[in-house]
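As a plain string of letters, each chain reads:
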Amino acid sequence: MKIRSIHAFPIASDLLGGPPTTAERRPAWTADAEVASPMSHFPRFKRLRSSWRPRWPSVACLVTADDGSWGLGMTRYGTPVISIINDHLAPLLVGETCTDTDHVWNLMQGMTSPYAGGLSCYAVSAIDLALWDLKGKLLGQPVYALLGAPARSHIDCYATGNDTDWILELGFQATKIACPHGPADGVRGLDANEALVAQTRAAIGAERELMVDCWMAFDVDYAVSFAQRMVPHRLRWIEDCLMPDDLDGVRSLRERLPGHGLAGGEHWYTPAPFASAAVNRSLDVFQPDIGWAGGMTGCLKIARIAQAAGIPVMLHAGMNTAYGQHFTLAVPNATMGEYFVGSAPGVPLAEVRLTPGTAVPQDGRLVPSDAPGFGLGLSLEQAQALAL
Ligand SMILES: [Mg+2]
């Protein structure tokens with residue numbers, strides 16, 4: 001079966017299924033919380049990340065086979081990613097065999113190599129995920145079965161978000177908070193960060209796991225100071241401390257923080273930086289995003305590199321998509337899944353999922369759909385109707 005067409009189009013970044021029907025108890029933490037970022041040094045852009053991030057829509061990519069079968073992939077960064085798919089890759093991939101996911105991935109990596117980086121990888125990811133969805137449908141199997149069968153009966157999820165009371169009510173046994181302050185806020189910011197971690201640890205008790213996400217906002221010295229203050233609060237890991245291209249910085253952090261858990265990789269693209277981190281053992285947890293780092297094929301390569309080095313892979317926000325759920329059910333060293341809770345307390349998670357077939361955690365666990373492909377739960381008409 002050959003690829004007949006590949007077409008990317010813009011979709012809404014927020015809810016595809018319409019607004020939730022249950023009233024919120026209060027606005028979600030994401031509505032107003034300050035989160036430290038690489039822009040925290042610039043007063044005009046410090047307060048909210050939305051003040052400087054692009055307003056491009058999200059992206060859907062529809063791959064159609066000769067017989068009319070189709071698969072759907074999704075990613076981010078609108079217009080430029082859509083252009084890479086529709087103007088460059090799509091016409092060159094028509095006629096390739098739909099089930100040749102590894103071959104097509106290698107073609108795309110080569111074709112985008114002269115301008116490779118973040119945006120090309122988002123485009124590769126969307127096409128690759130659509131091909132895996134299509135392959136599952138053509139073979140009548142859920143994608144996790146194509147990956148070699150489930151490695152586990154269910155996925156244990158941790159929740160990321162700063163509405164800790166709501167996360168506890170939802171039944172999660174592990175949680176990660178976003179760090180509000182970075183080096184721009186000096187010692188007072190360090191004090192406030194520690195106070196938030198201490199307050200969260202007190203709320204969740206000693207039995208649950210706690211992590212902190214630093215979203216590229218720190219430098220090495222600040223990360224070391226922060227980590228040393230965290231010792232009494234028993235964090236499982238500190239995440240994404242440095243700017244993503246600072247691989248030497250990640251190694252330096254490892255050397256200066258023996259015994260501390262370090263995680264990262266959500267802003268790394270292609271398997272190459274993960275291979276470097278595996279050789280250096282500079283991170284304890286790899287966190288590629290399946291919609292950004294090269295799709296299912298790219299993340300499988302990363303997972304095998306990690307497995308050989310004894311490193312777990314926990315996809316960035318992997319439990320918010322069916323793509324991440326199928327990967328995590330099947331991959332042996334994908335030992336826990338991240339569910340990002342950005343919705344308001346009181347609104348059931350089932351009302352805020354992105355696509356209808358995507359499973360949501362119950363008491364911190366989930367099992368993905370066993371429908372063919374990723375079980376996205378959309379008809380072709382519904383998928384096409386996502387277009388803005
Ligand atoms: Mg993160």
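Residues numbered from 1 in each chain as written. Predicted model: local features only at pLDDT ≥ 70, side-chain atom pairs only at ≥ 80, totals over all residues. Heavy atoms only, no water.

1. Thoughts on the pairing of strand β3 (residues 70–75)
Within a regular beta strand, the side chains point alternately toward one face of the sheet and then the other, so they alternate between its two faces. We count it as follows: Here's how the labels work: a residue is buried when its accessible area is under 20% of the maximum for its type, exposed when over 50%, partly exposed in between, all with a 1.4 Å probe on protein chains only. In DSSP terms, a helix is any run of H or I states spanning at least four residues, a strand is any run of E spanning at least two, and both are numbered starting from the N terminus. Note on pairing: DSSP must find at least two bridges between two strands before they are called paired.
In terms of burial, β3 is a largely internal element, six of the six residues being buried. Across six bridges, the pairing between strand β2 (residues 58–65) and β3 is antiparallel. Within the sheet, the bridge partner assigned to Leu62 lies in β3 and is Leu72.

2. A look at the nonpolar core
What counts, and what does not: Buried Ala, Val, Leu, Ile, Met, Phe, Trp, Tyr and Cys residues that are joined via side-chain atoms within 4.5 Å together make up what is termed a nonpolar core. Each domain's extent is set by a domain assignment, obtained either automatically or from a database. Any pair of residues with heavy atoms lying within 4.5 Å of one another is described as a contacting pair.
Formed by 87 residues in total, the largest nonpolar core has its most connected members in Leu72, Phe286, Met296 and Phe327. Considering each element in turn, this core owes the most residues, seven residues, to helix α8 (residues 220–230). Built from parts of two domains, this core gets at least three residues from each of domain 1 (3–140 + 378–384) and domain 2 (145–366). If we skip the residues at most four places from it in the chain, Met296 touches Asp128, Leu129, Trp132, Val143, Leu147, Ile290, Tyr323, Phe327 and Phe374.

3. So, empty space enclosed by the protein
This is how the line gets drawn: A cavity here means a set of points on a 1 Å grid, drawn over the protein atoms and nothing else, where a 1.4 Å probe fits but cannot get out; a pocket is an open set with protein on both sides within 12 Å along at least five of seven lines, and a residue lines either one if it has an atom within 4 Å of a point. Grid points are joined across faces, edges and corners, and a volume is the space filled by probe spheres set on the points. Polar here means any residue outside two lists: the nonpolar Ala, Val, Leu, Ile, Met, Phe, Trp, Tyr, Cys and Pro, and the charged Asp, Glu, Lys and Arg; Gly therefore counts as polar.
Inspection of the entire model under this criterion finds two cavities of 30 Å³ or more. In this structure, the largest cavity occupies an estimated 160 Å³ of space. For the largest cavity, the lining is made up of 17 residues, of which Asp240, Cys241, Leu242, Val250 and Gly264 are closest to its centre. Put simply, the parts of the chain that give the lining of the largest cavity at least two residues each are α9 (247–256) and β8 (262–264). With three residues, the single largest contributor to the lining of the largest cavity is β8. Residues of the lining of the largest cavity, tallied by class, amount to 11 nonpolar, four polar and two charged.

4. Structural notes on the domain arrangement of the protein chain
By a widespread convention, an interface's size corresponds to the accessible area lost as its parts come together. The condition is simple: Note: buried area is the sum, over both parts, of the accessible area (probe 1.4 Å) each one loses when the two are combined.
Per the domain assignment, the segments of the protein chain are domain 1 (3–140 + 378–384) and domain 2 (145–366). Averaged C-alpha coordinates put domain 1 and domain 2 at centres separated by 21 Å. Taken together, the contacts link 48 residues of domain 1 with 51 residues of domain 2. Of the roughly 3,900 Å² buried between domain 1 and domain 2, counting both surfaces, carbon and sulfur atoms make up 63%.

5. Thoughts on the sheet that holds strand β1 (residues 3–11)
Heads up, the rule is: Axis definition: a line fit to C-alpha positions, over the contact stretch in the case of helices; interaxial angles, taken between N-to-C directions, run 0 to 180 degrees.
The three strands lie next to each other as β1-β2-β3, forming an open sheet whose pairing is antiparallel. Here the strands that pair on one side only, and so sit at the sheet edges, are β1 and β3. Geometrically, the sheet is characterised by an average inter-axis angle of 20° between neighbouring strands, direction not taken into account. Contacting β1, β2 and β3, helix α4 (residues 118–139) runs over the sheet at an angle of about 150° to β3.

6. Quick look at the environment of Lys135
By secondary structure assignment, the location of Lys135 is in helix α4. Here Lys135 falls in the buried class, since its relative accessible area comes to 11%. Separated by 36 residues in the primary sequence, Lys135 and Thr99 place their C-alpha atoms 5.3 Å from one another. In contact with Lys135, other than residues within four places in its own chain, are Thr99, Thr101 and Leu146.

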